[in-house]
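# Tertiary structure, described
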Amino acid sequence: MTDHTRSSPRRRIFIDKQSPKAFHALVQVSEVVRATASEAGLERTTVELINLRVSQLNGCAYCLDAHTRAALRAGESPQRLGILSAWRDTDLFTPSERAALALAEATTDPVDAATRVSAIEATRQVLSEDQISAAIWVAVTINAFNRVSIMSKHPVPPFS
């Protein structure tokens, strides 16, 4: 590697554009997951809370922007969005939202088996098995989109 190679700025690679068939497949998965969540009875706002919480944990600015806008369109309040990262410290989230958020966190950082088991068991108290499965799929899917955006360094568009 020459000094020139190390110091020259590299053009970013938008992997969604570089490999459009793979990205299109991911988009198709997300559409099926969104329909699955709806069929299972997960509220659209709950889906967006999962998308946002996972994106917070992963530090994905692009997805945070996109899903904040989607959550607001779905009727979510700015107050709850503003305190989402501290959802455990407030009573502003319903038991089913809290369960879905715990499950999303366990899906995003699955290292601790006890936490995973605990999240699923707590979730069973307020969500059906279909809703649990759908919530996990929402978290899995947004995790994939987060990786695409982070690795592509997708820019956040200006607010309009």
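None of the values given here were measured: they were computed from a predicted structure. (Residues numbered from 1 in each chain as written. Predicted model: local features only at pLDDT ≥ 70, side-chain atom pairs only at ≥ 80, totals over all residues. Heavy atoms only, no water.)

## What about the overall build of the protein chain?
In terms of regular secondary structure, the protein chain is built from nine helices and zero strands. With respect to the principal axes defined by its C-alpha atoms, the protein chain has extents near 60 × 35 × 30 Å. Every one of the 160 residues in the protein chain was classed for burial, and the buried ones make up 38%. Sequence-distant contacts in the protein chain: of pairs separated by 6 or more residues, those separated by 24 or more amount to 72%. Accessible surface, the protein chain as shown: approximately 9600 Å² in total, 57% of it carbon and sulfur. Charge centroids of the protein chain, computed over 18 positive and 17 negative side chains, lie 11 Å from each other. (Helix = DSSP H or I, 4+ residues; strand = E, 2+ residues; numbered from the N terminus. Buried < 20%, exposed > 50% of the residue type's maximum accessible area, 1.4 Å probe, protein only. Contact = heavy atoms within 4.5 Å. Areas by Shrake-Rupley, 256 points an atom, 1.4 Å probe, with all protein chains shown as cover. Lys, Arg positive; Asp, Glu negative; His and termini not counted. Charge placed at Lys NZ, Arg CZ, Asp CG, Glu CD.)

## Concerning the state of the cysteines
For the coordinates displayed, the defined rule picks out zero disulfides. Looking at the unpaired cysteine 63, the closest cysteine sulfur is the one in cysteine 60, lying at 3.4 Å. (Disulfide = S-S within 2.5 Å.)

## Here we look at the nonpolar core
In this structure, Leu42, Ile50 and Leu84 are the most contacted members of the largest nonpolar core, which totals 34 residues. Mapped by element, the contributors of at least two residues to this core are α3 (20-40), α4 (44-58), α5 (61-73), α7 (95-108) and α9 (129-152). With eight residues, α9 is the largest single contributor of residues to this core. Each residue touching isoleucine 50, except ones within four places of it in the same chain, is listed here: Ala100, Leu101, Ala104, Ala135, Val138, Ala139 and Ile142. (Core = buried A, V, L, I, M, F, W, Y, C linked by side-chain atoms within 4.5 Å.)

## Things to note about the pattern of salt bridges
One pass over the structure, following the stated rule, counts nine salt bridges. Aspartate 16 is the salt-bridge partner of lysine 17, the closest N and O atoms lying 3.6 Å from each other. Under the relative-accessibility criterion, aspartate 16 is labelled buried at 9%. The shortest N-O distance in the salt bridge between glutamate 105 and arginine 88 comes to 2.7 Å. Here the residue glutamate 105 occupies a position in helix α7, and arginine 88 occupies one in the loop between α6 (78-82) and α7, the gap between them amounting to 17 residues. One connected set of salt bridges, linked through shared partners, spans Arg53, Arg88 and Glu105. (Salt bridge = Lys/Arg side-chain N within 4 Å of Asp/Glu carboxyl O.)

## As for the packing of α3 against α9
Working note: a packed helix pair is described by the angle between its axes plus the distance between those axes. In contact at an axis separation of 9 Å, α3 and α9 are set at 155 degrees when each is read in the N-to-C sense. Put simply, α3 runs roughly antiparallel to α9. Every pair of crossing elements has a handedness; the one defined by α3 and α9 is left-handed. On α9, the residues touching Phe23, Leu26, Val27, Val29, Ser30, Val33, Thr36, Ala37 and Ala40 of α3 are Asp130, Gln131, Ala134, Trp137, Val138, Thr141, Ala144, Phe145 and Val148. Residue classes in the contact of α3 with α9 are distributed as 13 nonpolar, four polar and one charged. (Axes fitted to C-alpha atoms, helices over the stretch in contact; angles between N-to-C directions. Parallel < 35°, antiparallel > 145°, perpendicular 65-115°, else oblique. Left-handed = near helix turned anticlockwise from the far one by under 90°. Nonpolar A, V, L, I, M, F, W, Y, C, P; charged D, E, K, R; others polar.)

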